[in-house]
Amino acid sequence: MQVDASDTSAPDLLLVGGGLANGLLALRLSQLRPDLDLRIVEAAQTLGGVHTWSFFDSDLTQAQRDWIAPLVVHRWPGYSVRFPQFERALSTPYCSVTAERFAAVVEAALPGRVILGAPVASVSPTEAVLTDGRRLSAKAVIDGRGPTATPDLALGFQKFVGLEVRLAAPHGLTTPIVMDACVDQAGGYRFLYTLPFDNRTLLIEDTRYTDGDALDREAFRQGVLDYARGQGWTIDTVLREEDGVLPVALDGNIGAHLSRMGPTALSGLRAGLFHPTTGYSLPDAVRLADRLARDFEPATVAEDIRRHAHHVWAGRGFYRLLNRMLFRAARPDERYKVLERFYCLPQPLVERFYSAGSTLADKARILSGKPPVPIGAALTCMVERGRA
């Protein structure tokens, strides 16, 4: 539902961008702080874009899984991975949220308070200026419009194109294939990701870890079609297509990044709140929503989020170290060996890694033994540049 963007009342909170982070924040605030007047302004004609967001059960607490449960469309009891020398099935439940369900749930929680088709030209701590010149004021503004230029952060990228397809015959999968790296590596780490939505419907994504953020959609799209053919699946219909370029954090100065972004409160990828290695942002968005819903004050929200972002970044140096080894030390066509070795480790360790909760013992276990990268190259990656 849309509201009139010319409404001059000043709500408690204006969320600029109707993507994952701001949508989850709006949903949690509506649950715990129904007294707050909050609005979302989104450039597109729908919230959430064309995306599928996934997470492992172990990424979240039970309480967090409970409050986002209305968003979950698909849930599987486990998943599998495939590498040239190793295959494994894991029993960690895996869940997916579709953009359609996300939009429906968030809009239902904010009746009459979602402004669609309203691109924003600029923001300040208490105002958003639309591209048509109209101004929206609020006691606080949070900018969650996704990633932007990050000269203070060194990033690699996880890029993907996904096709949701309807097959001519059942595919035979009962759980997702989160990584199938038994494919041509295309000069870097490449894998196919497959979610079985029903017995004939799949979401198949060609995913590649690369140094640059340019996305050749046609090459990735063809990669999906070739993979389906190689699995013996005949595609009747391509139902939809989605794509993305997710950041992989290598090193950098989060303080300088946040300062460069200005005084307005940030959320999601724009605030550096994503898993450094996987690029998954849903768990961090859930945690930020919980944090702000417990203690939301318009006057201090920007500083509260900055402190939180600093704390999160400081606690994840280990993952950035592993990323530097992957991008800077591993030979491009052998990067898959890093992940192949990782997936030989115990399932609880894998779960803690994905939740960004690795223990000291986990870190020692991951780094122990003969590394799958040249030792000399690995040693050059140990020191993080510009950390703050």
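Owing to the predicted nature of the structure, the values given are computational and were not obtained by experimental measurement. (Residues numbered from 1 in each chain as written. Predicted model: local features only at pLDDT ≥ 70, side-chain atom pairs only at ≥ 80, totals over all residues. Heavy atoms only, no water.)

Chemist: Just checking my understanding: could you explain the overall build of the chain for this structure?
Modeler: When helices and strands are counted, the chain shows 12 helices and 18 strands. On C-alpha atoms alone, the chain measures out to a radius of gyration of 21 Å, which is about the 21 Å that the 2.2 N^0.38 rule sets for 388 residues. Along the three orthogonal principal directions, the C-alpha set of the chain runs to about 60 × 50 × 40 Å. Counting over 388 residues, the chain shows a buried share of 56%. Once local pairs closer than 6 in sequence are excluded, the contacts in the chain between residues at least 24 apart make up 76%. With an accessible surface of roughly 15600 Å², the chain has 53% of that area assigned to carbon and sulfur atoms. One way to put it: in the chain the 43 positive side-chain charges average out to a point 5 Å from where the 44 negative ones average out. (Helix = DSSP H or I, 4+ residues; strand = E, 2+ residues; numbered from the N terminus. Rg over C-alpha atoms; globule rule 2.2 N^0.38 Å. Buried < 20%, exposed > 50% of the residue type's maximum accessible area, 1.4 Å probe, protein only. Contact = heavy atoms within 4.5 Å. Areas by Shrake-Rupley, 256 points an atom, 1.4 Å probe, with all protein chains shown as cover. Lys, Arg positive; Asp, Glu negative; His and termini not counted. Charge placed at Lys NZ, Arg CZ, Asp CG, Glu CD.)

Chemist: What's the story with the side chain of Q347 in this structure? I'm lost.
Modeler: Its location among the elements puts Q347 in helix α10 (residues 347-354). Note on Q347: relative accessible area 18%, which makes it buried. Residues in contact with Q347, not counting those within four places in the same chain, are R88, L90, S91 and T92.

Chemist: Looking at this structure, how should I read the pattern of salt bridges?
Modeler: A side chain with one charge can pair with a side chain of the opposite charge if their charged atoms come near. Going through the model one piece at a time under the given rule, you end up with 29 salt bridges. R200 is the partner of D236 in a salt bridge, and the nearest nitrogen-oxygen pair spans 3.6 Å. With D236 in strand β17 (residues 235-252) and R200 in the loop between β15 (189-198) and β16 (201-210), this residue pair connects regions lying 36 residues apart in the sequence. A relative accessible area of 48% places D236 in the partly exposed class. Its relative accessible area of 24% is what places R200 among the partly exposed residues. (Salt bridge = Lys/Arg side-chain N within 4 Å of Asp/Glu carboxyl O.)

Chemist: Can you walk me through the packing of helix α1 (residues 20-32) against helix α6 (residues 282-294) in this structure?
Modeler: Helix-helix packing is characterised by the crossing angle of the two axes and by the distance between the axes. Two elements in contact, α1 and α6, have axes separated by 8 Å at closest approach and are oriented at 35°. The crossing of α1 and α6 is right-handed. Contacts from L20, A21, L24, L25, R28, L29 and L32 of α1 reach α6 at L282, A285, V286, A289, D290, L292 and A293. A per-class count over the contact of α1 with α6 returns 12 nonpolar, no polar and 2 charged. (Axes fitted to C-alpha atoms, helices over the stretch in contact; angles between N-to-C directions. Left-handed = near helix turned anticlockwise from the far one by under 90°. Nonpolar A, V, L, I, M, F, W, Y, C, P; charged D, E, K, R; others polar.)

Chemist: When you look at the packing of aromatic side chains in this model, what are you seeing that I'm missing?
Modeler: How two aromatic rings sit relative to each other is set out by the distance from centre to centre and by the angle between their planes. A full pass over the atoms with the stated rule returns 21 aromatic pairs. With 5.0 Å between their ring centres and 55° between their planes, F56 and Y79 make a pair best called tilted. Note that F56 is positioned in strand β3 (residues 52-56) and Y79 in strand β5 (residues 79-83), a separation of 23 residues in sequence. Ring centres of F342 and Y343 lie 5.4 Å apart, and the angle between their planes is 75°; on these two criteria the pair is classed as edge-to-face. Here F342 falls in the buried class, since its relative accessible area comes to 9%. A cation over a ring is seen here: R208 above F220, with NZ or CZ 4.3 Å from the ring centre. One Lys or Arg, R320, reaches over the ring of W313 and ends 4.1 Å from the middle of that ring. (Phe/Tyr/Trp six-rings, centres within 6.5 Å; stacked < 30°, edge-to-face > 60°. Lys NZ or Arg CZ within 6 Å of the ring centre and 35° of its normal.)

Chemist: Got a minute to help me understand unusual backbone geometry in this structure?
Modeler: Most peptide bonds adopt trans geometry, and most residues besides glycine take a negative phi value. Even without a glycine there, the phi angle at A186 is positive, about 55°. Topologically, A186 is positioned in the loop between β14 (177-180) and β15. Classification of A186 as partly exposed rests on a relative accessible area of 44%. The phi dihedral of A356 falls on the positive side, at around 60°, and the residue is not glycine. With respect to the helices and strands, the residue A356 is situated in the loop between α10 and α11 (360-367).

Chemist: So what exactly am I meant to see when it comes to the layout of surface pockets here?
Modeler: Unfilled space is identified by rolling a water-sized probe across the atoms. Considered as a void within the structure, the second largest pocket measures approximately 190 Å³ in volume. If you trace the second largest pocket, you find 16 residues lining it, with P147, T148, L155, F157 and P247 closest to the centre. Counting only elements with at least two residues in the lining of the second largest pocket, the list comes to β13 (153-167) and β17. (1 Å grid on protein atoms, 1.4 Å probe; cavity = no way out; pocket = protein on both sides within 12 Å on 5 of 7 lines; lining within 4 Å. Points joined across faces, edges and corners; volume = space filled by probe spheres on them.)

Chemist: Just to check I follow, could you spell out the pairing of strand β6 (residues 86-90) for this structure?
Modeler: The two faces of the sheet receive side chains in turn, since in a regular strand these alternate between them. Where β5 and β6 come together, 5 bridges link them in antiparallel fashion. The residue bridging V81 from the neighbouring strand is R88, located in β6. Here β5 folds back onto β6, and the loop between the two strands holds 2 residues. (Pairing = 2+ DSSP bridges.)

Chemist: Explain the sheet that holds strand β8 (residues 114-115) to me, please; I cannot follow it from the model alone.
Modeler: Each strand in a sheet pairs with its neighbour through backbone hydrogen bonds, running either in the same direction (parallel) or in the opposite one (antiparallel). Spatially, 5 strands are ordered β8-β2-β1-β12-β18 in an open sheet, and the strand pairing comes out parallel. Two strands bound the open sheet, and with one partner strand each, they are β8 and β18 (265-266). Taken together, the 4 bridges between strand β1 (residues 13-16) and strand β2 (residues 38-41) define a ladder with parallel strand orientation. Bridging across to β2, L14 finds its partner in R39.

Chemist: Would you mind showing me how to read α10 here?
Modeler: An α-helical turn contains 3.6 residues, so a residue and the one three or four places further along point in the same direction. For α10, the complete set of buried residues consists of Q347, L349, V350, F353 and Y354. Around the axis of α10, the buried residues are gathered within 160° of arc, so they sit on the same side. Looking one or two places after α10, you find A356, whose phi comes out positive at around 60°. (Arc of directions from axis to C-beta.)

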